[in-house]
Amino acid sequence: MTTTTITKKSFREVYRSLHIPPVYYFLIVVFLTSGILDQLYSDGQILSNPLIGMNILVRSVALGIVAIGQTLVIIGGSIDLSVAYLISITSVMSSYVMQGKPENVFKAIVVVFAIGAVVGLVNGLIVTKLRVNPFIATLGTSLILKGIINGTFSNYTGSVPRSFEFFGYERVGSIPVSVIILFLIVIGGWFVLSKTKFGAHLYGVGGNDEVARLSGLRTDRVVIGAHIICSLTAVLTGLFIVSRLRAGAPWVGPDGVYDLESIATVVIGGTLLSGGKGGVWGTLAGVIIFGILDTAFNQLGVNPYLTIVIRGAIVILAVASYTYRSKLQVA
Amino acid sequence: MTTAAITPQSGVSKFLHFVWSNIKKIPPVYPVFLVLFIVVSFLSPTYSSMNGIMAFLRRTAPLAILAIGQMIVLSSGGFDLSIGSLVTMVCLGSSLLLNNDPANAYPAIGIMMLIGISIGMVNGLVVSYLKVPSFIVTLGMMLLVKGLVLYWVGGAPKGYFTDNWRMWGRGYIENVPVFGRFPIGLIVLIVVGLLIWYLYHRTNFGKQVLAIGDNVRAARLSGVRVNLIRVAAFVTCSILAVIGGVMTGGYGGVNVTIGEGMEMQAIAACVVGGVLLGGGKGNVLNVIFGAYTLEILISMLTLLGLPKPYKDVVQGLIIIGAVAYVAYMARKKR
Amino acid sequence: MIEEQIEGLREENTEEVPLLEVRNITKRFPGVQALFDVSLKFMPGVVHAVVGENGAGKSTLMKIMAGAYVPDSGDILLEGKKVSFSHPKQAHEQGVSIIYQEFNLLPDRTVAQNIFLGREPSKFGVIDANALHKMALVVLKEVGMEDIIKPTAMCHTLSVAEQQIVEIAKAISFNSKVLIMDEPTAALSSTEVQILDDLIVKLKARGMAIIFISHRLNEVFDIADVITVLKDGVLVGTVDKKAATTHKIVHMMVGRELDHYFPPLGNADDFGPVVLSVKGGNNPFLTDINLELRRGEVVGVAGLQGSGRTELAEALFGVTPFKSGSVTLMGKPELVRAPSQAIKKQMGFVTEDRKSEGIWPRQPIRDNMLMTVRAIQFMFGVIMKDGIRKSRSLVPSLGKQVDVRTDSYDREVQFLSGGNQQKVVLSKWLASDAKIFIFDEPTRGIDVEAKASIHDMIRDLTKKGIAVLMISSELPEIIGMSDRILVMRDGRIVGELPAKSSENDIMLMATGHIPGDGSDHQVPAGVN
């Protein structure tokens, strides 16, 4: 008798200590629903195909990497709407510098990460030093980036050498390199948030700016740091995209709706828009949900424009499901 | 009497002081516009001819109308980022509905109005009752509408606009004394401007919009029906976006990207026109001139050799600069 | 001087060095003198309570000692050495910690993370989770809570009392020698108060100096060794607990001459029928509210901070309505569920904080005055610049009626003085023809001249048959203006006093004692 009680207790304790974000239940629901639709419409052909599973993960990589960066920024109480155009700039600049020659790859990577760091720094400074509302600040910088990129490039530019395509296409065993990198980023994000001083301070600043300041935290530096990290993840996403497309183009960022969708996945994952609470695992679930939806739409042959409609609706509903509960006073 | 002993000198200085203190009150958008206009007319002779001026006014009228609508939402403390997609919808959707038949023109506009009103209502209701920040709602709506429109027209515009649909954006009234050709679009702007001026500055509705933006809690405690007013503000903005959309399509013809970015242009125009992005202050005439100032600035830069896409850079800088400036001034006051 | 009249005044022990001392502290805020030449000594191992009415300066003094405010003049000495704090963190580091009423904890972080925020043990930026846990345990052990509160517990799962203890633990982790607490028992149950008491005794034994502000005089007597009374920013005196009684303390807290002129009170004959009555009103903040308001009378509502007065006003006005009980307005049963309903029933509410709830700072005076009138009308109706159809020059006449000092009604309200702003708020309700006015701190932060002006106006309202409910923390104002005085405590109306009652009697009732009863017998709030 005593043995059964002990095992039961420890299972519940372990389960509780995992703090599974509620979004994973939603993920299971989405998964099961697609399974049902799959049975109905294609005799279960699609989901039983292991390639599809991998496909879902690959489709999740681009959004996933930048969503981790967005998670950090939102936890810190800010937001970044400029990621889409930063992704575009990365894809174009890297491809342009590479010009299809393997010896330029390293230089190209350095260049785009430098650009990313500068953009992140500028975003962070505008939000903290100029005290501009983060929505407006990053929307403003996204406009500036848009102008620069559209003014300089109008079409596919440059090209990516075969050697770089490993990012987008290579596999280690049966797992694509990109998926491995995605998981590395997720784990990296988790590490930063839960194990480092910076992460602890980020939660503090996002949770209650006043309390953070009273405790002597350098709130400005923390927020700027988060913005820089977010921009760097956007750059990484851009590199992934360009290695798959084999050449960069100015429209990849906005076309992929990376700005809104990264925010949506973060919110779905349980991170509060107001900051101070949440984490990368929830975001990952949100990203996979979008990945499943994306693949499902693709396989079912849903009109690509309709997918945009549904994604827009999901963004609104995702945020609404959280704000409705907290009943803030809103403009 | 001692006053008689005061020399005429002080009378002159008093007068100058009076003039200067009144000049200080003039919103900066007007002198800026004047200066830019003079510069541009030197750079290009077109702008100093009456025809050229009328052409400029015709081209910029749609943006001015969109900006007026945005002003109402901004004054209530919110943002409407969906109006650009609304313009896209009006243009692409109308091209389909018109089917090259002039008889369809007004029904098409009517349908677009209904769609616009519904979108405005959804925006307002979601912000008011689901408490989602207007930034996110309208950003999501922008996406949603764009997708819907592209789906509906199958990715490419079909057909042409009929003349009676296009005239609102493109047409002129000929042989007007003094002005020569007077753009119909400008007439629309004037009519809309007067109507909204009346609505915003002279009705209970307008005052309550400002109340919500200035201090929503005080508004609620003073009997203002906050949710109703807010929804009405979004609906008005959408209606104006539809009008602006018809004019944009009429002027520019139809392509898939028409209307893209106009929401940011409208915000920039409002900012130049002195609208506070937090809410509580706005003026119809200033915003109209804000739109014209923005356009003339872009024109000037284009004449000086700036490639077209860089106008986004200018807009982004203006928006960030204006908000930072207001935030700085507010801190200084404390 | 009062000090001489009070027996048992604490003798200064000039040999021992005080842990914390303040000398000649003076602090002014715009329009109000918060502290004037206050000097106090806080000794190690002593629990020192600071009491006084709302606005006596207690909070300001605490904040100065904790480094949140800088005094205009005066010195702070720690263990005999002069110090100056420009940031609370400096005060922390030098050993002075403060715990506010609204806790400074992050609800979504663990106890350990909260305690050591900004001081996490780390190597190369990575937090040493083991060390953090151990350090938290050490501190929790010091407060005797290592079994009850776990370092890994999320703060939002803790009870209010436990959260407070975490704050105390945080203070101890700074090796604080001085612990300041603002209303520590306000949100605690009686068992939790006991736990806090035990903890304070433990801290005392460590040689810490404990300073706290409280309104609950009976608890003050339980825990404190020494009691200091502040009044209107001035030190009245310090007494040993053994030599003090509640009456003596209350007497020290109040008792000022009415140098301020108030308009004459109303005559009972002039009071009209009952326009508002509540029976058994209950909501999450209020219990068993019974009151009646008559035409032409001013009913004052007194009580200490947190006694539920503003909650009463908000319940009457429909902001947080009564959940049960019956309300009658103008003779008809009417449970007000929203402010717009209250306004339709001709109620007006001049709120406590005009800046955040009463005015529209960027709108001109005339629009501020006419907002409510316009909100009731047809949405697309044309506005008249200065009034409504019935009276086209309403604005200037209102301006004259409330005596707004301004050169133009176009001026944005944010540029007016506090007194003028309040007058504009008042005129808003005059414009909407309110017959029942609720005032919450009508003259807070307003200069003397404007205060008198507003008092006159309130009395003028009653002459027109308007019923007034006036909440105030300023006892002279309550006594000077009220035809009847309701006293609140802990969300209930604990009693009613006649006009011209003494400050003493009001304060006694507000702190839970029966006036005129010479003993220190304390009446629990539930019993009338």
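Conventions and cut-offs
Residues numbered from 1 in each chain as written. Chains lettered and ligands numbered in written order. Predicted model: local features only at pLDDT ≥ 70, side-chain atom pairs only at ≥ 80, totals over all residues. Helix = DSSP H or I, 4+ residues; strand = E, 2+ residues; numbered from the N terminus. Rg over C-alpha atoms; globule rule 2.2 N^0.38 Å. Buried ≥ 20, exposed ≤ 12 C-beta atoms within 10 Å, placed from the backbone. Contact = placed C-beta atoms within 7 Å. Nonpolar A, V, L, I, M, F, W, Y, C, P; charged D, E, K, R; others polar. Pairing = 2+ DSSP bridges. Axes fitted to C-alpha atoms, helices over the stretch in contact; angles between N-to-C directions. Domains from an automatic or database assignment. Core = buried A, V, L, I, M, F, W, Y, C linked by C-beta atoms within 7 Å.

1. Points about the overall build of chain B
- Within chain B, the secondary structure is distributed over 15 helices and 2 strands.
- Taking 2.2 N^0.38 as the reference for a compact globule, 334 residues should give roughly 20 Å; the C-alpha atoms of chain B span a radius of gyration of 22 Å, in line with that estimate.
- With respect to the three principal axes, the spread of C-alpha positions in chain B is 85 × 55 × 35 Å.
- For chain B, with 334 residues in total, the buried portion stands at 52%.
- Expressed as a percentage of contacts within chain B between residues at least 6 apart in sequence, the contacts between residues at least 24 apart total 79%.

2. What about the interface of chain B and chain C?
- In this complex, chain B contributes 20 residues to the contact, which on the side of chain C involves 27 residues.
- When residues of the side of chain B that touches chain C are traced back to their parent elements, those giving at least two are α10 (204-214) and α11 (216-221) of chain B.
- Looking at which element gives the most residues to the side of chain B that touches chain C, the answer is α10(B), with 7 residues.
- Split by residue class, the side of chain B that touches chain C holds 6 nonpolar, 7 polar and 7 charged.

3. Side note on the interface of chain A and chain B
- Across the contact, 38 residues belong to chain A and 41 residues belong to chain B.
- Elements supplying a minimum of two residues to the side of chain A that touches chain B: α7 (134-152) and α16 (304-326) of chain A.
- For the side of chain A that touches chain B, the leading source of residues is α16(A), giving 13 residues.
- Classifying every residue of the side of chain A that touches chain B by side-chain character gives 24 nonpolar, 10 polar and 4 charged.

4. Section: the sheet that holds strand β21 (residues 484-489) of chain C
All names here are of chain C.
- Across the sheet, 6 strands lie side by side as β18-β19-β20-β15-β21-β22; this open sheet has mixed pairing. The open sheet has two edge strands with one neighbour each: β18 (347-350) and β22 (492-498). Taken over all neighbouring pairs, the strand axes of this sheet differ in orientation by 20° on average, direction set aside.
- Here strand β15 (residues 298-303) runs beside β21; their pairing, made up of 5 bridges, is parallel. Residue pairing across strands places Val 301 opposite Leu 486, the latter belonging to β21.
- Lying on the sheet, helix α10 (residues 309-317) is in contact with β15, β18, β19 (436-440), β20 (467-471) and β21; it crosses β19 at an angle near 150°.

5. Things to note about the domain arrangement of chain C
- In terms of domains, chain C is made up of domain 1 (1-95 + 176-253), domain 2 (104-175), domain 3 (260-346 + 435-528) and domain 4 (359-433).
- Here the C-alpha centroids of domain 2 of chain C and domain 4 of chain C sit 53 Å apart.

6. A short note on the pairing of β20(C)
All names here are of chain C.
- Burial within β20 is extensive, with 5 of its 5 residues counted as buried.
- On β20, burial covers both faces: Ala 467, Leu 469 and Ile 471 on one face and Val 468 and Met 470 on the other are all buried.
- The sheet contact formed by β15 and β20 spans 4 bridges and is parallel. Residue pairing for β20: Val 299 is matched across the bridge by Leu 469.

7. Some points on the pairing of strand β12 (residues 234-240) of chain C
- Burial analysis of β12(C) places 5 of its 7 residues in the buried class, which makes it a mostly covered element.
- With antiparallel pairing between neighbouring strands as the criterion, strand β11 (residues 226-231) of chain C and β12(C) make up a hairpin whose turn holds 2 residues, including C:Asp232 at a positive phi of roughly 50°.

8. Examining the sheet that holds strand β13 (residues 274-283) of chain C
Residues and elements named next belong to chain C.
- Pairing within the open sheet is antiparallel, and its 4 strands lie in the order β14-β13-β16-β17. Edge positions in the open sheet fall to β14 (286-294) and β17 (332-333), since each of these has one partner strand only.
- Bridge analysis of β13 against strand β16 (residues 324-329) gives 5 bridges, and the strand direction is antiparallel. Its bridge partner lying in β16, Ser 277 is registered against Thr 328.
- Along the sheet, α10 contacts β13 and β14; its crossing angle with β14, the most-contacted strand, is approximately 70°.

9. Thoughts on the nonpolar core
- If you look at the biggest cluster of nonpolar residues, it comprises 365 residues, and the most contacted ones within it are B:Ala67 and B:Ile68.
- Top contributing element to this core by residue count: helix α12 (residues 219-245) of chain A, with 15 residues.
- Not counting residues up to four positions away in its chain, the partners in contact with B:Ala67 are B:Ala266, B:Ala269, B:Cys270, B:Val287, B:Gly290 and B:Ala291.

10. Side note on helix α14 (residues 258-268) of chain A
All names here are of chain A.
- Of all 11 residues that make up α14, 11 are buried, and the element is covered over most of its length.
- Among all positions in α14, only Tyr 258, Asp 259, Leu 260, Glu 261, Ser 262, Ile 263, Ala 264, Thr 265, Val 266, Val 267 and Ile 268 are buried.
- Gly 270, located one to two residues past α14, shows a positive phi value of around 105°.

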